[in-house]
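A closer look at the structure
For reference, the chains in residue letters:
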Amino acid sequence: MKKLKRSERLVDMTQYLLSKPHTLIPLTTFAERYGAAKSSISEDLAIIKDVFESEGLGELQTLAGAAGGVRYIPKLRRDHALRFAEELCQQLQQSDRILPGGYLYMSDLLGQPSLMNEAGKIIATAFSDREIDVVMTVETKGIPLAYATAAQLNLPVVLVRRDHQVTEGSAVSINYVSGSHKSIHTMSLSRRALKERSRVLIVDDFMKAGGTIQGMVDLLGEFNAEVAGVGVLVESGSVESEERLLEDYISLAVLSDVDSKTKRITVKPGNYFEN
């Protein structure tokens, strides 16, 4: 790379860090990239660190020593996250989202990259201090949120299938009971998709009683894998506590009520904002 002015170097260095979250980058990488002394690089990183923290963009962790370097940890400040959740609730409360049977149309929101990226950043923030190897979701609507979360954590995504595909090779399949409909369904995961004893963050777009997520938890048991956390975009608030199959999870929004007669939808920020 050609010699850059300091202002240009700061911009390029910032972009480099943003593109490699949760990755330890030795100072020598930047020194060689810009043909600059490590002392100058350290001063640049101090400026970037101050901006990241003051603007609520995340943390810049510095590790000393020969094997040290710098690591960018994306984090969204609580007030920014709450503002996002409130805006999400407003969009979910639009009366034209009500479908026959009292269901709520959400596919358009799940298809908005900017919205999913922000939601993924909040979930990644919530679990940023945990050891995680992969992000898992079940096909299909949870996929955008899972990839957005994984991008912030710099981790791979594992997809659980509703039906086994020949192209997946040998797979583990289990039956699970849907918490909302009390009906039996099947899900499967390729044996090549997940290493044994992996630590897994489960992400999904919607949770009612938690039957699907509990099914993924049970499936992980077949791989001797561990659940590192569970994050959902929206949870149903109409489920009685004794019917809820999960207790340890975070949600960004709670759907309290859908009144098909009055076309009224009640949504509030999720349990992530209760503490």
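The structure displayed is predicted, hence computed values, not measured ones.

Notes on the environment of cysteine 89
Inspection of the secondary structure assignment puts cysteine 89 in helix H4 (residues 78–92). Residue classification places cysteine 89 among the buried residues on the basis of a relative accessible area of 4%. Cysteine 89 sits 145 residues away from valine 234 along the chain, and the two C-alpha atoms are 9.5 Å apart. Excluding residues within four positions of it along the chain, cysteine 89 makes contact with Ala253, Val267, Lys268 and Pro269.

A word on unusual backbone geometry
With an omega of 10°, the peptide bond between glutamate 139 and threonine 140 qualifies as cis. Looking at the secondary structure, you find threonine 140 in the loop between strand E5 (134–138) and helix H7 (143–153). Here the phi dihedral of asparagine 224 falls at roughly 55°; this positive angle occurs in a residue that is not glycine. One can find asparagine 224 in the loop between helix H8 (211–221) and strand E10 (226–236). On the accessibility criterion, asparagine 224 (40% relative accessible area) is partly exposed.

Looking at the nonpolar core
Residues Leu88, Leu92, Ile123, Leu201, Leu233 and Leu252 are the most contacted members of the largest nonpolar core, which totals 40 residues. Going through the elements one at a time, H4, helix H5 (107–110), helix H6 (113–126), H7, strand E9 (199–207), E10, strand E11 (250–259) and strand E12 (264–269) are the ones with two or more residues in this core. In this structure leucine 92 touches Arg97, Leu104, Met106, Leu109, Val234, Ala253, Ile265 and Val267, once residues within four positions along its chain are discounted. Val160, Val172, Leu220 and Leu246 belong to the second largest nonpolar core, which has 24 residues in total.

Quick look at the side chain of glutamate 139
Within the fold, glutamate 139 resides in the loop between E5 and H7. Under the relative-accessibility criterion, glutamate 139 is labelled buried at 15%. Among the polar contacts listed, one links the side chain of glutamate 139 to the backbone nitrogen of arginine 162, at a separation of 2.8 Å.

Digging into the domain arrangement of the chain
Per the domain assignment, the segments of the chain are domain 1 (6–74) and domain 2 (78–273). Using C-alpha coordinates to define each centre, domain 1 is positioned 33 Å away from domain 2. Contacts between domain 1 and domain 2 engage 6 residues on the former and 7 residues on the latter. Counting each side, the surface lost to burial between domain 1 and domain 2 is near 550 Å², with a carbon and sulfur contribution of 50%. Three residues, Pro21, His22 and Pro74, lead the burial of domain 1 against domain 2; their summed loss comes to 69% of the area buried on that side. For the interface between domain 1 and domain 2, the tally reads 0 salt bridges.

Some remarks on helix H1 (residues 6–19)
With 14 residues, H1 should cover 20 Å at 1.5 Å per step; its first-to-last C-alpha distance of 20 Å lies within 8% of that length. Within H1 the residues assigned to the buried category are Arg9, Leu10, Met13, Tyr16 and Leu17. Within H1, the buried residues cover an arc of 130° as seen down the axis, which keeps them to one side. Opposite the packed face of H1, turned more than 90 degrees from it, sit the exposed residues Val11 and Gln15. Along its buried surface, H1 packs onto helix H2 (27–34), helix H3 (38–54), strand E1 (58–63) and strand E2 (69–74).

Remarks on H4
With 15 residues, H4 should reach 21 Å at 1.5 Å per residue; the first-to-last C-alpha distance of 21 Å fits that figure. Turning to H4, its buried residues are Ala81, Phe84, Ala85, Leu88, Cys89 and Leu92. Mapping the buried residues of H4 onto a view down its axis gives an arc of 140°, with all of them on the same face. Those residues of H4 hidden inside the fold are in contact with strand E4 (103–104), H5, H6, E10, E11 and E12.

Observations regarding the packing of aromatic side chains
Inspection of every chain in the model, using the stated rule, returns 4 aromatic pairs. Measuring from ring centre to ring centre gives 5.4 Å for tyrosine 16 and phenylalanine 30, while their planes differ by 75°; the resulting arrangement is edge-to-face. With tyrosine 16 in helix H1 and phenylalanine 30 in helix H2, the pair connects residues that are 14 residues apart, well separated along the chain. Grouping residues by exposure puts tyrosine 16 and phenylalanine 30 together as buried.

Quick look at the environment of isoleucine 122
Within the secondary structure, isoleucine 122 sits in helix H6. Each C-alpha atom, one on isoleucine 122 and one on glycine 69, is 25 Å from the other, the two residues being 53 residues apart in sequence. With residues near it in sequence (within four places) discarded, isoleucine 122 still touches Leu76, Ala81, Phe84, Leu252 and Tyr272.

Some words on the environment of aspartate 204
Take aspartate 204: it is sitting in strand E9. According to the relative accessible area criterion, aspartate 204 is buried, its value standing at 5%. Once residues within four sequence positions are removed from consideration, aspartate 204 is found in contact with Thr137, Val138, Gly142, Leu145, Thr212, Ile213, Met216, Gly231, Val232 and Leu233.

Cut-off values and rules
Residues numbered from 1 in each chain as written. Predicted model: local features only at pLDDT ≥ 70, side-chain atom pairs only at ≥ 80, totals over all residues. Heavy atoms only, no water. Helix = DSSP H or I, 4+ residues; strand = E, 2+ residues; numbered from the N terminus. Buried < 20%, exposed > 50% of the residue type's maximum accessible area, 1.4 Å probe, protein only. Contact = heavy atoms within 4.5 Å. Core = buried A, V, L, I, M, F, W, Y, C linked by side-chain atoms within 4.5 Å. Polar contact = N/O pair within 3.5 Å; in protein donor to acceptor, adjacent residues only side chain to side chain. Domains from an automatic or database assignment. Buried area = accessible area lost by both parts, 1.4 Å probe. Salt bridge = Lys/Arg side-chain N within 4 Å of Asp/Glu carboxyl O. Expected span 1.5 Å × (residues − 1). Arc of directions from axis to C-beta. Phe/Tyr/Trp six-rings, centres within 6.5 Å; stacked < 30°, edge-to-face > 60°.

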